[in-house]
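The primary structure of each chain is shown beneath.
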Protein chains: 2
Amino acid sequence: MDELDAPRNGHQAGRRDGRPPERQPVTLDAVARLAGVSPATASRALNGTARVREELRARVRAAAEALGYIPNAHAQALAGSASSTVGVICHDVGDPYFAAIASGVMAAAAERNLLVLLSSTFREPGREIAYLSMLRAQRARAILLIGSGIQDRAWERALDTELAPYLREGGRVAVVSRHRSLRVDAVLPGNRTGAAALARALVGLGHREFAVLAGPSALTTVADRVAGFRAGLAEAGVELPASRVVRGAFTRDGGHAAACELLDGGGPLPTCVFAVTDVMAVGALAALRERGLRIPEDVSLAGFDDVPLVRELTPALTTVALPLPEMGRAALDLALREPRGERVRVERFAGEVVVRGSTRVVP
Amino acid sequence: MDELDAPRNGHQAGRRDGRPPERQPVTLDAVARLAGVSPATASRALNGTARVREELRARVRAAAEALGYIPNAHAQALAGSASSTVGVICHDVGDPYFAAIASGVMAAAAERNLLVLLSSTFREPGREIAYLSMLRAQRARAILLIGSGIQDRAWERALDTELAPYLREGGRVAVVSRHRSLRVDAVLPGNRTGAAALARALVGLGHREFAVLAGPSALTTVADRVAGFRAGLAEAGVELPASRVVRGAFTRDGGHAAACELLDGGGPLPTCVFAVTDVMAVGALAALRERGLRIPEDVSLAGFDDVPLVRELTPALTTVALPLPEMGRAALDLALREPRGERVRVERFAGEVVVRGSTRVVP
DNA sequence: TCGCTTTCAGAAAGCGCTTTCTGATACGGT
DNA sequence: ACCGTATCAGAAAGCGCTTTCTGAAAGCGA
């Protein structure tokens, strides 16, 4: 006999791959059997769905404990009880803006014992649609769209054809930031008013010559902030020519590139530069410094969002503070709250202007 | 007739809540019926599981398209095909360190068409266990533990009792950072060697008097970085007394508090402070400045991780750069790769010392 | 032409739960 | 003692898929 060649793993013949044998997960049936009750009773005892004699309930509980029973969420979802996951779609969790909002969503989800299916689109619109479809397949109880909508007919239509059936099937949707075409609950940061207030504050500091580092014009967030900023300046009789609005990607490097373009444009140097997001402002800060400009002595810089690290910069960044985690939390609350009637609900979060060292007073 | 009182919503009687009627989702049966085939054939046609006559396949595809069919992931998972979700547990997505790693995981997951169930424990060990259990219930294909293990018997045991059954049932697990007790695949940042290299670099700059701002001592990451730093100093004959290691929470504010404690401790001011993470270093930077100390003229400061924004600080932070997104990606790869044999696999990522402006040369 | 294999579609079993329906038992009122 | 009514446990029917099993039809050589 070549007993010696036999797999080590005595009790499971034929295993040659050296992997440990896979055990089947414990099912409700096993628990019921051990407790000496029917699966129906076991289910009721564990979930408290209906009255079960105290003695049986204890026996079931004990059996579940002893076997290390964990219910199969897929079976539960399939059998009709609502799924316990919510979907969150954002552009990039690596970006501090989204990370902060996501963090708030996670906290709120944890309180409700919900699991979060998070997805990053990496700013590819196609991926957003694909994720939506996957979240529908998962029967996510709610879907949160974090980040501004794109003002583009084709994209809006594609989004709607995914979302409409989901809503009809009882799904809940909420967005953070404005989506032009979506009739769903929304958490709206005060982009316009915040930018306008910032403009007023900067004018108050004595600035008259501005430039704006903007993101892609199709993003509602960009459109609103630029419009608000321009409106705020207009109030004070200051004009912002279109030539002073430079576009770049919605990232640190985008801000850097936009700032370079501004400086290379050859126009007169503004006394103050407004980057529509803090992340872009960080890139701009680097670019301005690389050109030998001192902040704020040679040029002032302001951002928007107040993401965690910008107050630590030297000089600290003047910006419009948004309560990012609270906004994430609010979005989940909104999506999960029972809708009353047809009306969409909107929750607004005002931005607060925080003047720090990156903007100087112009004499 | 009180026709006028009737609900607006003509085609679905009895609705008084003003909500639109909920439609049932389209099922595979509906698709099959429309295509004039059996559900079995429809399934095979859609999934390409087996050969189906081309004409039928086309008919099924068309029917699915026409009805907007989306398979029910729960039913699919239940019927035996592997689930398409992976679980990721980290301490806090709002922290740039975890956000960067998570970002890499998301990218890798997207390539494989997997959905990521992300959870933040907010540093409560109990929640980690609870999440693990929820991820098991979801039959996640793999579970990634991001962040260092806690050296605590009770916690380690609790973790193991969740993980062991999961592994036995065929689940895959990988960790980022060292876990003392876990025999699973791991992505290991070069904490010891990186910290040692940093120590050598700082000594090379002329520093001899050091202090360390450390996190909770139970975290393996903290233990390894402190040990490595100390070892690196020892090589150069520099000693780091225990009294010069100050503990704080693993956050920005923890770094701030630790720095304050150091300054209030009354000992001589070190020429260089090493915070075991960049996030803590940021807090320390603020604290040192509040006390009127200039960086690096009065005291040098170094961190670890090279999270996105610290290179933008003024002065930019000297640190040990870790390829965070790549580490996240590697963790997912590791967990998903078919295991060969019993051995756990370990992927190491060396840290690279990046000397920037926050550390000066001591004459 | 017959009997064999091969190809492909349908029937049906089941994945692990929840929930409705049914039935047994105990209780109270008359 | 009897009947109506609660109360609680079990039987069984799904939830929407995948997959095995079964069977019909077609193709081929003898």
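Up top you'll find the structure we're talking about.
All figures in this text were calculated on a predicted structure; none of them were measured in a lab.

With that settled, the discussion passes to the relation of the copies chain B and chain A. Take chain B, turn it by 180°, move it 0.0 Å along the axis, and it overlays chain A with an RMSD of 0.1 Å. Seen this way, the second copy is the image of the first under a two-fold rotation axis. Taken together, the interface assignments show that 100% of the residues at the interface of chain B recur at the interface of chain A, consistent with an identical surface on both copies.

For R136 of chain B, the position within the fold is in helix α6 (residues 125–137). Residue R136 of chain B is classed as buried on the basis of its relative accessible area, which comes to 7%. When sequence neighbours within four positions are dropped, the list of residues in contact with R136 of chain B reads G68 and I70 of chain A together with E162, P165, Y166 and E169 of chain B.

As a further point, take the protein's contact with DNA strand C. The local shell around DNA strand C holds 24 residues, among which L28, S43 and N47 of chain A together with T41 and R44 of chain B are the closest. Atoms of DNA strand C within 4 Å of the protein: sugar and phosphate make up 67%, bases the balance. Y69 of chain A places a side-chain nitrogen or oxygen 3.0 Å from a phosphate oxygen of DNA strand C. The separation between a phosphate oxygen of DNA strand C and a polar side-chain atom of R51 of chain B is 3.1 Å. Looking at the surface near DNA strand C, the elements with two or more residues in it are α2 (39–47) and α4 (73–78) of chain A together with α2 (39–47) of chain B. In terms of residue count, the dominant contributor to the surface near DNA strand C is α2 of chain A (4 residues). Considered class by class, the residues forming the surface near DNA strand C number 12 nonpolar, 8 polar and 4 charged.

Before going further, it helps to examine the interface of chain B and chain A. Each partner contributes to the interface: chain B provides 65 residues, whereas chain A provides 65 residues. Carbon and sulfur atoms make up 59% of the area that chain B and chain A hide from each other, which totals about 5,700 Å². Across the chain B-chain A interface, the total number found is 2 salt bridges. For the side of chain B that touches chain A, the elements supplying multiple residues, two or more each, are α4 (73–78), α5 (96–111), β2 (115–120), α6, α7 (153–168) and α11 (278–290) of chain B. In terms of residues, the side of chain B that touches chain A owes the most to one element, α6 of chain B, which gives 7 residues.

About the cut-offs
Residues numbered from 1 in each chain as written. Chains lettered and ligands numbered in written order. Predicted model: local features only at pLDDT ≥ 70, side-chain atom pairs only at ≥ 80, totals over all residues. Heavy atoms only, no water. Least-squares fit on C-alpha atoms with pLDDT ≥ 70 in both. Contact = heavy atoms within 4.5 Å. Helix = DSSP H or I, 4+ residues; strand = E, 2+ residues; numbered from the N terminus. Buried < 20%, exposed > 50% of the residue type's maximum accessible area, 1.4 Å probe, protein only. Near = heavy atom within 4 Å. Polar contact = N/O pair within 3.5 Å; in protein donor to acceptor, adjacent residues only side chain to side chain. Nonpolar A, V, L, I, M, F, W, Y, C, P; charged D, E, K, R; others polar. Buried area = accessible area lost by both parts, 1.4 Å probe. Salt bridge = Lys/Arg side-chain N within 4 Å of Asp/Glu carboxyl O.

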